[in-house]
Amino acid sequence: MNLSILIELAYLLSAVLFVFGLKRMGSPATAVRGNQLASIAMLIAIVATLGDQAMSGGAINWGVIIAGLAVGGLIGAVAAKTVKMTSMPEMVGIFNGLGGGASAVVAIAEYFRAGGFEGGGAAVSILIGILIGTVTLSGSYIAFAKLSGQMTGNPILFPGQKILNALLFLSALGLGGFMVATEPTNQLVLIFVGIAFVLGILLVIPIGGADMPVVVSLLNSYSGLAAAAAGFVIGNNLLIIAGSLVGAAGLILTQLMCKAMNRSLANVMFAGFGSEGAGPVDIGDRTVRSVDAEQAAMILGYAQSVVFVPGYGLAVAQAQHDLKKLGTLLEDRGITVRYAVHPVAGRMPGHMNVLLAEADVPYPQLFDLDEINDDFPEVDVAVVVGANDVVNPLAHDPNSVIAGMPILDVDKARSCIVMKRSLSPGFAGIDNPLFYAEKTNMFFGSAKESIVDLVKEVRELQ
């Protein structure tokens, strides 16, 4: 069997592993194995590509390649080991940006290597790779800056913003068409890159904190599409397959995120919805019932069924391990414990699943919205930990800004404990009537400190 056949078989094996890896990432129980399969697939693809280049007589600087693999692998390993769970969303944003940026660099490098466009098809592939890759790069950095607190998480809006975005996009299309039809100059290519870079920034700055899971998912899709375009540019079928898988998966996930908020993608991208650090609300003559750790422990200790509802506050406090300890203590008392996970809780798709998996919460105890909502009327205690909008009953009010958004119906449980620092609104910027309901007890304070105190009190129960 000659080397060219082995290389094609390696590409085929890599593509199959990518498909199976992506499939396994659909469940928290198999996601780790799926990630490992995808990593093996990428390693096989890299080795096969280098072998193909060597066989075809291409110039390969093995020293630079080995150094790049070593340095990149070291940076990736250190980052993966040291990143805090609260920083995972912005790390994913950076990954998306680097993927898009790499695809744009490949397209630009191919243009300069060839000294221009080699035919209309190649020109279109290069320009698409540059456009999507550069938009992904700059847009992902803005998402990273919003998530990491380097810039405000509030929507950044200004007059004529949508018109400017439309003009930039049309300018990119027009300039791209002109370059395909004529022999472009290097200056025009750089102007095209600049337009795409600014467009990526302007597309993400009007998006607020409430919509970050959708943005992260959409940018992930962009990075896949950019990789597929890069595959067309250099004639690599595996890169086309892998990029198409990521792009399609990201688009599907984006649609699921939008459905979970009952909003269209256009509304997410252009409505400027969601805010950070919303101020306190005026409770008026409404009654707020609060409990301390001892009282909350009494409520939990003598229940038969408990459902924990985690939100971004759990991630901020890094209290997932303490929540697992509390759940284990309650199970030791014969109490049925489950975890209800809303699709858009947190700052990225699957954020709560990742947190709970890190704390070794058994996968059978994790339930999504559709699986558990009908059970809440039979739940003795629903414990909301740092969540707000995803449990706000105003979603059932047709006049609310979150009208129609699927929520976890914790208000239908027999009793509810809400762990929160204050009564301040969530990203949607609206009050939550759950906090004032007769069967709701507010447990004010940091999620971590509150849960640690709860663990002590539950242990002392007879």
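What counts and what doesn't
Sequence order as written defines residue numbering, which begins from 1 separately in each chain. In keeping with the model being predicted, local features are shown solely for residues with a pLDDT of at least 70 and side-chain atom pairs are shown and tallied solely at 80 or more, while totals for entire chains, interfaces and linings include all residues. Note: side-chain values were computed over all heavy atoms of the structure, leaving out hydrogens and water. Remark: nonpolar core denotes a set of buried residues (Ala, Val, Leu, Ile, Met, Phe, Trp, Tyr, Cys) joined through side-chain atoms within 4.5 Å. Only protein chains enter the accessibility calculation, which uses a 1.4 Å probe. A residue is then buried if its area is under 20% of the maximum for its type, exposed if over 50%, and partly exposed in between. Helical segments are the DSSP runs of H or I of at least four residues, strand segments are the runs of E of at least two, and each set is numbered from the N terminus. Here a residue-residue contact requires only that any non-hydrogen atoms of the pair lie within 4.5 Å. Two strands form a pair only when DSSP identifies at least two bridges running between them. Lines are fitted to the C-alpha atoms to define the axes, a helix being fitted only along its stretch in contact, and any angle between axes, read from their N-to-C directions, falls within 0 to 180 degrees. Here, the term right-handed applies to a crossover whose path from the first strand over the helix to the second runs clockwise when the strands point away from the viewer. Roughly parallel means an angle under 35 degrees; roughly antiparallel means over 145; roughly perpendicular covers 65 to 115; every other angle is labelled oblique. The handedness criterion is simple: a crossing whose near helix is rotated anticlockwise from the far helix by less than a right angle is left-handed, and one whose near helix is rotated clockwise is right-handed. Charged residues are taken to be Asp, Glu, Lys and Arg, nonpolar residues to be Ala, Val, Leu, Ile, Met, Phe, Trp, Tyr, Cys and Pro, and polar residues to be all remaining types, Gly included.

Quick look at the nonpolar core now. Among the nonpolar cores identified, the biggest contains 39 residues, and L300, V306, F308, L326, L330 and I451 are the most heavily contacted of them. Sorting elements by how many residues they give to this core places helix α16 (residues 447-460) first, with five residues. In this structure, L300 is in contact with V306, L326, L330, I335, V381, V383, I417 and L454, ignoring residues within four places of it in sequence. With 35 residues, the next largest nonpolar core counts I130, A196, V204 and V215 among its residues.

For the rest of this paragraph, the subject is the environment of V19. Topologically, V19 is positioned in helix α1 (residues 3-24). We classify V19 as partly exposed; its relative accessible area is 43%. C-alpha of V19 to C-alpha of G346: the two residues are 327 residues apart in sequence and 27 Å apart in space.

We now examine the sheet that holds strand β1 (residues 305-310). Here we have six strands laid out as an open sheet, ordered β3-β2-β1-β4-β5-β6, and parallel in their pairing. Among the strands making up the open sheet, the edge pair consists of β3 (366-368) and β6 (440-444). The average undirected angle you get between the axes of adjacent strands in this sheet is 25°. Note: strand β4 (residues 381-385) against strand β5 (residues 416-420), four bridges, orientation parallel. Residue pairing for β5: A382 is matched across the bridge by C416. Those strands touched by helix α13 (residues 320-332) are β1, β2 (336-341) and β4, and its axis lies near 145° from that of β2.

With five of its six residues buried, β2 lies for the most part within the structure. When β1 meets β2, the two strands line up parallel, connected through four bridges. Along β2, the bridge assignment pairs F308 with Y339. As judged from the three bridges shared by β2 and β3, these two strands associate in the parallel manner. Note that in β3 the partner of Y339 across the bridge is L366. Tracing the backbone out of β2, into helix α14 (residues 351-358) and back to the parallel element β3 gives a crossover that is right-handed.

Next up on the list: the packing of helix α6 (residues 161-181) against helix α7 (residues 186-204). The interhelical angle for the contact between α6 and α7, taken along N-to-C directions, is 155°, at an axis separation of 10 Å. Relative to α7, α6 is oriented roughly antiparallel. As α6 packs across α7, the resulting crossing turns out to be left-handed. Contacts between α6 and α7 involve Q161, L164, N165, L168, F169, S171, A172, L175, G176, F178 and M179 from the first element and L188, V189, I191, F192, I195, V198, L199, L202 and L203 from the second. For the contact of α6 with α7, the residue count by class is 16 nonpolar, four polar and no charged.

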